[in-house]
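What follows is the residue order along each chain.
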Number of protein chains: 2
Amino acid sequence: MVLLNRAFEEENIKTFFSYGSCVTQRVYGAIWAAPYDVKAVIIRSLSNSCDMNPHTGVTYYEDSITKIPIAAVSTAAADALSYFYSIEGPLSVNFELKCETLPDRLSANVIAETKGNEFSNRIIAMGGHFDSWDEGEGAHDDGAGIMHCFEALRILKKIGYQPRHTIRCVFWINEENGMRGALKYAELSELNNEIHVAALESDRGGFTPRGFAMDSVLLSRAKNYQDLLRPYGISELELGGGGVDIGPLKKQNKNTQLVALVPDSQRYFDVHHAETDVFENVNKRELELGAAAVAVAIYIIDQELD
Amino acid sequence: MVLLNRAFEEENIKTFFSYGSCVTQRVYGAIWAAPYDVKAVIIRSLSNSCDMNPHTGVTYYEDSITKIPIAAVSTAAADALSYFYSIEGPLSVNFELKCETLPDRLSANVIAETKGNEFSNRIIAMGGHFDSWDEGEGAHDDGAGIMHCFEALRILKKIGYQPRHTIRCVFWINEENGMRGALKYAELSELNNEIHVAALESDRGGFTPRGFAMDSVLLSRAKNYQDLLRPYGISELELGGGGVDIGPLKKQNKNTQLVALVPDSQRYFDVHHAETDVFENVNKRELELGAAAVAVAIYIIDQELD
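Just so you know, the residues in each chain are numbered from 1, in the order the chain's sequence is written. Both sets of labels track the order of writing: A upward for chains, 1 upward for ligands. In keeping with the predicted nature of the model, local features appear solely for residues at pLDDT of at least 70, side-chain atom pairs appear and are counted solely at 80 or more, and the whole-chain, interface and lining totals rest on all residues. With hydrogens and water set aside, each side-chain value is computed from the structure's full complement of heavy atoms.

1. A look at the overall build of chain A
Then step 1. Runs of E in the DSSP output that reach at least two residues are strands. Runs of H or I that reach at least four are helices, and both are numbered from the N terminus. Along the backbone of chain A there are ten helices and ten strands.
Then step 2. Its C-alpha atoms give chain A a radius of gyration of 21 Å, near enough to 19 Å, the size a compact globule of 306 residues would have.
Then step 3. When accessible area is computed with a 1.4 Å probe and restricted to protein chains, residues below 20% of their type maximum are described as buried, those above 50% as exposed, and intermediate ones as partly exposed. Per-residue burial for chain A yields a buried fraction of 52% across its 306 residues.
Then step 4. The criterion used for residue contact is that any of the two residues' heavy atoms lie within 4.5 Å. Partitioning the intrachain contacts of chain A with sequence separation of at least 6 by distance along the chain shows that 81% fall at a separation of at least 24.
Then step 5. What sets the accessible areas is the Shrake-Rupley method with a 1.4 Å probe; for residues, cover comes only from the shown protein chains. Counting only carbon and sulfur atoms, one obtains 54% of the accessible surface of chain A, whose full area is about 15100 Å².
Then step 6. Taking the average place of the 28 positive charges on the side chains of chain A and the average place of its 43 negative ones, the gap between the two points comes to 7 Å. Computation of the radius of gyration draws on C-alpha atoms, with the globule rule given as 2.2 Å multiplied by the number of residues to the power 0.38. Counted as positive: Lys and Arg. Counted as negative: Asp and Glu, with His and the chain ends omitted from the count. The location of each charge is read from NZ of Lys, CZ of Arg, CG of Asp or CD of Glu.

In structure tokens:
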């Protein structure tokens, strides 16, 4: 057996950078091990925290290779295995996996929208994903994201805002395991000759919002609002903004401006894809501030883009 | 009996503003009620959260008035009392308090310092308070604050930084209930002809740091560092910076620059002075980032002030 034990680089202020540099051991670990005489692969969970929970997620095989079982163990367990190996040498480990891939079931994106009064055929989409990994409840990943956007739509209606564009809230399905919801959404959008002016994704948890990442055209406009955003603590504007569920829209139309809500990332990987990603670990105020921030972003997009 | 049921104004982004506008009902509630025919005062806990925990804290009497018992009930209980009163009218409430004021015991501030190599008689103090309210453990209030400063001192020594001024870490005692530690510290400082160039207090919890509040002279210097602070998420610099434990130093010397670490405030009053203010509710990474932020602030002060 092989243990892939690369730990998060704690010095990264934004934890997603640490995730990015470790996630390959989970995604490709079984492919890497295939050429060797290996019975199974154990990976260190992708988490900042020292805890007892496996943090799981997608892993890839290739048709041409031997499919070796792969499993995540908690960061604490990975440290223990590594420690015992260092003092005892080769270890004997019981390895039992009960997971299986079940046949596909029919599923759907869930969509709500309010029509624009100026460019009703031009759409601003906002959303997150409706599915979650099997550990926990997916409360942060991505229950928080879909609630951010659903609540943003409610806020805009509640204050009587008349959008220029059609504002669409989308709960994409199957983000975790194939992104078929996102691909189907983009396919139908093209079929229906829809134009997406912008698409916002919230998939970084329900923590205190700090700002937004977005494509360059929108970013240059949004910077004019930076001083207005500052008292609300959401003035961190950066280049970026892609996301799994909105990426396909950009492939269709390079002018579509992608946006991501950027919450504080410190606690995200404490719960990511683990049994601790539950409702109780979402803070009400932090979640509400995120929803308000999404509403603000949608307002700016609606005003600034045509 | 009287119920003082003023709720936090949720629209304040910074929760300390909400606290500030409600805290009078706890501090002065018994004094307000004294002229009336009132047997006891019940106050709504000072918290954003809807929970079942009383959030307690200091309350004042005056010698000239009748000392009426006063107690905090949870926000959920206050809502329930208010609701039942609205439909049933006057209610009967059992009210039993077992608290008492015990005789004073000898206690002490705890101090660590490293001598400056340029102005060893000029001091930069940083600290928090060593005592806590009796509910919970005082993990955020103010265990986090003293650990921020203790760890900042360790960081500065670990990287081999040679401070120009004497850097002093102080765990002040009795902040919650008389600030006698702060007063004694200032008194001894004056007796010993010490000059405090600046004093930093961390007493707003161990959450992700976002910046600093400080007096104007230091603020104008610190703004030159703002772009360097931005990648670390600690670039929010604002005028302010007072604190219970460092205030007396300013009274002695108006040139002393006061500084406060400003962490994200959204969750602070979920746990403030309640049984939920425990170690498990402090996030390791958020705490560590706060300590690093304090070390950064001390470096800037040490470089910029004489």
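Let's pick the thread back up.
2. Regarding the interface of chain B and chain A
Then step 1. With 19 residues of chain B at the contact, the number on the chain A side is 19 residues.
Then step 2. Two parts placed together each lose some accessible area; with a 1.4 Å probe, that loss summed over both constitutes the buried area. The junction of chain B with chain A conceals about 1700 Å² of combined surface from both sides, 44% of it contributed by carbon and sulfur atoms.
Then step 3. What makes a salt bridge here is a side-chain nitrogen of Lys or Arg within 4 Å of a carboxyl oxygen of Asp or Glu, nothing more. Our count for the chain B to chain A interface comes out at four salt bridges.
Then step 4. Between R285 of chain B and E10 of chain A there is a salt bridge, with the nearest N and O atoms lying 2.9 Å from each other.
Then step 5. Identification of polar contacts relies on pairs of N or O atoms within 3.5 Å, with a donor-acceptor requirement for protein atoms, meaning one able to donate a hydrogen and the other able to accept it, and with residues adjacent in sequence counted only if both atoms are side-chain atoms. At the junction of chain B with chain A, the criterion picks out 14 residue pairs in polar contact (both at pLDDT 80 or more).
Then step 6. Among the secondary structure elements, those contributing two or more residues to the side of chain B that touches chain A are β8 (209-214) and α10 (284-304) of chain B.
Then step 7. The element best represented in the side of chain B that touches chain A is α10 of chain B, accounting for three residues.

3. A few points about the relation of the copies chain B and chain A
These two copies of the chain differ by a rotation about an axis and a displacement along the same axis.
Then step 1. Taken as rigid bodies, chain B and chain A are interconverted by a rotation of 180° and an axial shift of 0.0 Å, the fit giving an RMSD of 0.0 Å. Put plainly, the chains are arranged around a two-fold axis.
Then step 2. The residues that chain B uses at the interface reappear at the interface of chain A in 100% of cases, marking a shared surface. The fit set for superposing copies consists of C-alpha atoms from residues with pLDDT of at least 70 in both; the fit itself is least squares.

4. A short note on the domain arrangement of chain A
Residue and element names in this part refer to chain A.
Then step 1. As assigned here, chain A comprises domain 1 (2-88) and domain 2 (110-304).
Then step 2. For domain 1 and domain 2, the distance between their C-alpha centres works out to 30 Å.
Then step 3. Contact residues are listed per partner, giving 18 residues for domain 1 and 17 residues for domain 2.
Then step 4. Overall, the association of domain 1 and domain 2 removes approximately 1400 Å² of surface from exposure, summing both partners, and the carbon and sulfur fraction of that is 52%.
Then step 5. When the area that domain 1 buries against domain 2 is broken down by residue, the three leading residues are F16, N53 and T56, summing to 35%. These domain boundaries are the output of an automatic or database domain assignment.

5. Quick notes on the sheet that holds strand β7 (residues 195-201) of chain B
All names here are of chain B.
Then step 1. Here we have seven strands laid out as an open sheet, ordered β4-β6-β5-β7-β10-β8-β9, and mixed in their pairing. Edge positions in the sheet fall to β4 (110-114) and β9 (236-239), since each of these pairs with one other strand and no more. This sheet shows a mean twist of 20° between the axes of neighbouring strands, independent of strand direction.
Then step 2. Strand direction decides the pairing type here: β7 and strand β10 (residues 257-263), joined by four bridges, are parallel. Following the sheet pairing, A198 is matched in β10 by Q257.
Then step 3. Between the N-to-C directions of two axes lies an angle of 0 to 180 degrees, each axis being a line fitted to C-alpha atoms and, for a helix, fitted only over the stretch in contact. Here helix α5 (residues 180-191) sits on the sheet in contact with β4, β5 (119-129), β6 (165-172) and β7, set at roughly 150° to β6. Two strands are counted as paired when DSSP detects at least two bridges linking them.

6. Concerning the pattern of salt bridges
Then step 1. Tallying each qualifying case throughout the model produces 40 salt bridges over all chains.
Then step 2. The shortest N-O distance in the salt bridge between R221 of chain B and E304 of chain B comes to 3.6 Å. With R221 of chain B in helix α6 (residues 216-222) and E304 of chain B in helix α10, the pair connects residues that are 83 residues apart, well separated along the chain.
Then step 3. Judged by relative accessible area, R221 of chain B falls into the partly exposed class, the value being 32%.
Then step 4. Between R230 of chain B and D227 of chain B there is a salt bridge, with the nearest N and O atoms lying 2.8 Å from each other.
Then step 5. The class of D227 of chain B is exposed, set by a relative accessible area of 58%.
Then step 6. Taken together, the shared-partner salt bridges connect E113, K115, R168 and E194 of chain A into one network.

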